[in-house]
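Here's the letter readout for the chains.
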Amino acid sequence: MLIGTILRGKGSAVMTVAPEATVRELLTKLAEHNIGAVVVSADGETITGIVSERDVVRRLHDRGAAVLDQPVSAIMTSEVRTVGPHDNVDELRRTMTTHRFRHMPVVEDGRLVGIVSIGDVVKSAIEELETEKASLVDYLHR
């Protein structure tokens, strides 16, 4: 299965936050949209970084509550791995597992076109297994 297939099913909307937004503003966005990470982008198309709930928790532990008024750029991961819509989901699953990523931006022609979570990847694996099972059951009953 291709990553583009997942995006077609879930949609390509990506929540972004500006690098100068405060961590407090980031938390509001995460809570309002019930998401675990956002792409940091000045224009909604290019990627400056990515920031997750885990990043916030770790920085709160390290720096205290003052981090809430700091810019997102102070806590984001700036070296962001990305995938393309034509990349294979199995490879993405291995990468996410090996490197302990839970969210991966999808980029095409240098533009942000989506984001895939580990939950999306697991859901796609379950759907593939269910399809395979149905085919095997059908084959056995012929």
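Everything here concerns the structure above.
The following refers to the structure shown. Owing to the predicted nature of the structure, the values given are computational and were not obtained by experimental measurement. (Residues numbered from 1 in each chain as written. Predicted model: local features only at pLDDT ≥ 70, side-chain atom pairs only at ≥ 80, totals over all residues. Heavy atoms only, no water.)

**Description of the packing of helix α4 (residues 89–99) against helix α5 (residues 118–140)**
Part 1 of the argument: Packing of α4 against α5 brings their axes to within 10 Å, and their N-to-C directions diverge by 135°. The angle between α4 and α5 places the two elements in the oblique class. Crossing handedness for the pair α4 and α5: left-handed. Counted together, V89, L92, R93 and M96 of α4 and I118, V121, S124 and A125 of α5 form the full contact between these two elements.
Part 2 of the argument: Taken together, the residues of the contact of α4 with α5 break down into six nonpolar, one polar and one charged. (Axes fitted to C-alpha atoms, helices over the stretch in contact; angles between N-to-C directions. Helix = DSSP H or I, 4+ residues; strand = E, 2+ residues; numbered from the N terminus. Parallel < 35°, antiparallel > 145°, perpendicular 65-115°, else oblique. Left-handed = near helix turned anticlockwise from the far one by under 90°. Contact = heavy atoms within 4.5 Å. Nonpolar A, V, L, I, M, F, W, Y, C, P; charged D, E, K, R; others polar.)

**Focus: α5**
Part 1 of the argument: An ideal rise of 1.5 Å per residue puts 33 Å on 23 residues; α5 measures up with 33 Å between its terminal C-alpha atoms.
Part 2 of the argument: Turning to α5, its buried residues number three or more, namely D120, V121 and S124.
Part 3 of the argument: Buried residues along α5 sit in contact with α1 (3–10), α4 and β5 (111–117). (Expected span 1.5 Å × (residues − 1). Buried < 20%, exposed > 50% of the residue type's maximum accessible area, 1.4 Å probe, protein only.)

**Observations concerning the environment of E45**
Part 1 of the argument: Along the chain, E45 falls in the loop between β2 (37–40) and β3 (49–52).
Part 2 of the argument: Measuring from C-alpha to C-alpha, the distance between E45 and V14 comes to 9.6 Å, with 31 residues separating the pair along the chain.

**Some thoughts on the pairing of β3**
Part 1 of the argument: Neither face of β3 is open: one carries G49 and V51, the other I50 and S52, and all of them are buried.
Part 2 of the argument: Where β2 and β3 come together, four bridges link them in antiparallel fashion. Across the sheet, residue A37 finds its bridge partner in β3, namely S52. (Pairing = 2+ DSSP bridges.)

**What about the environment of V67?**
Part 1 of the argument: If you trace the backbone, V67 turns up in the loop between α3 (53–63) and α4.
Part 2 of the argument: By relative accessible area, which is 1% here, V67 ends up buried.
Part 3 of the argument: Sequence separation of V67 and R111 is 44 residues, and the distance between their C-alpha atoms is 30 Å.
Part 4 of the argument: Those residues within four positions of V67 in sequence are excluded, and the remaining contacts are V23, R59, L60 and I75.

**Observations regarding the sheet that holds β3**
Part 1 of the argument: Ordered in space as β1-β2-β3, the three strands form an open sheet in which the pairing is mixed. The sheet terminates laterally at β1 (16–17) and β3, the two strands that pair on one side only.

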